[in-house]
Amino acid sequence: MAERSVLVTGGSGGLGGAVVAAFVEAGWRVVVPERTARPSSGPAADELVRLVADLSEPEGAARAVEAAAGAPAAPLRAVVNLAGGYASGGLVHETPIADFERMFTVNLRPTYLVTQAALPHLVAAGGGAVVCVAARAAVAPFAGAAGYVTAKAAVLALANTVAVEYRSRNVRCNTVLPSVIDTPANRAAQPDADHSRWVAPAEIASVIRFLASAESAPTSGATVPVYGRA
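A brief look at the structure comes next. (Residues numbered from 1 in each chain as written. Predicted model: local features only at pLDDT ≥ 70, side-chain atom pairs only at ≥ 80, totals over all residues. Heavy atoms only, no water.)

With that settled, consider the overall build of the protein chain. Looking only at helices and strands, the protein chain features six helices and seven strands. Secondary structure elements of the protein chain, listed N to C terminal, follow the sequence β-α-β-β-α-β-α-β-α-β-α-α-β. Taking 2.2 N^0.38 as the reference for a compact globule, 230 residues should give roughly 17 Å; the C-alpha atoms of the protein chain span a radius of gyration of 17 Å, in line with that estimate. Each of the three principal axes of the protein chain carries a C-alpha extent, and together these read 50 × 35 × 35 Å. Here the protein chain, with 230 residues, has 45% of them falling under the buried criterion. Counting contacts in the protein chain only where the partners sit at least 6 residues apart, residues at least 24 apart contribute 69% of the total. As displayed, the protein chain has an accessible area near 10,700 Å², and 55% of this comes from carbon and sulfur atoms. For the protein chain, the distance from the average site of its 18 positive side-chain charges to the average site of its 18 negative ones is 4 Å. (Helix = DSSP H or I, 4+ residues; strand = E, 2+ residues; numbered from the N terminus. Rg over C-alpha atoms; globule rule 2.2 N^0.38 Å. Buried < 20%, exposed > 50% of the residue type's maximum accessible area, 1.4 Å probe, protein only. Contact = heavy atoms within 4.5 Å. Areas by Shrake-Rupley, 256 points an atom, 1.4 Å probe, with all protein chains shown as cover. Lys, Arg positive; Asp, Glu negative; His and termini not counted. Charge placed at Lys NZ, Arg CZ, Asp CG, Glu CD.)

What follows is the structure, encoded as structure tokens:
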């Protein structure tokens with residue numbers, strides 16, 4: 001039986017499936033909220049729990065966290081914030097405010113709401129870890145995606161704030177910065193790119209699992225690049 005639980009948002013995505021598999025393999029109870037019910041894309045396991053929850057709303061985030069914290073024998077010890085999305089556009093003066101703000105709704109809002117709801121449970125359990133996924137663009141912006149770049153930078157800032165505010169309560173928070181992840185969707189979008197330079201989801205998943213585990217206990221407030229050769 002699993003002795004600890006992890007909540008993985010965005011667990012059905014290209015990176016999410018690898019992250020879920022990594023935690024299941026390591027013996028965690030894994031809770032995966034999804035906006036709509038769908039056929040399971042992850043590994044079959046007794047300790048894998050899927051539920052429907054809209055993480056862009058406080059009620060949905062709270063429902064997901066309650067499910068993750070609802071097994072007394074496996075207290076919530078980690079939260080992995082993968083949920084997000086990308087949209088390109090024009091330059092700043094060409095980007096409608098609605099498009100700009102949507103990137104915050106997609107990337108920052110679920111991360112904030114889920115982390116906010118989970119923190120009291122992590123504190124009550126004696127500590128734990130939050131891992132956020134931002135993007136290389138948060139520290140090395142590129143043109144044509146102002147909303148995405150700014151939202152991912154905000155995710156990084158939020159994670160650093162959590163690290164400072166909760167370090168005395170034994171809750172750590174670190175951020176992973178991918179560049180281009182080698183997923184089928186990214187290959188389809190960039191068929192002529194050198195895919196050998198991209199990072200496989202399983203490689204990033206190993207880093208995330210490490211940051212969520214007791215093995216990284218001294219580490220909080222870190223910004224970890226997972227760029228591969230991209």
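So, on to helix H2 (residues 58-68). Every buried residue of H2 is listed here: Gly-60, Ala-61, Ala-64, Val-65 and Ala-68. Axial view of H2: buried residues confined to an arc of 130°, hence all on one face. Close packing links the buried residues of H2 with strand E1 (5-9), strand E2 (29-34), strand E3 (48-52), strand E4 (76-81) and helix H3 (97-124). (Arc of directions from axis to C-beta.)

Let us look at the packing of aromatic side chains. Going through the model one piece at a time under the given rule, you end up with four aromatic pairs. An angle of 85° between the planes, with centres 5.1 Å apart, marks the rings of Phe-23 and Trp-28 as edge-to-face. Between Phe-100 and Phe-104 the ring centres are 5.4 Å apart and the planes differ by 50°, which places this aromatic pair in the tilted class. Here Phe-100 pairs with Phe-104, and both are found in helix H3, just four residues apart, close to one helical turn. Since its relative accessible area comes to 23%, Phe-100 is described here as partly exposed. We classify Phe-104 as partly exposed; its relative accessible area is 23%. Taken together, Tyr-86, Phe-142 and Tyr-148 form an aromatic cluster joined through their ring pairs. One Lys or Arg, Arg-136, reaches over the ring of Tyr-227 and ends 4.1 Å from the middle of that ring. (Phe/Tyr/Trp six-rings, centres within 6.5 Å; stacked < 30°, edge-to-face > 60°. Lys NZ or Arg CZ within 6 Å of the ring centre and 35° of its normal.)

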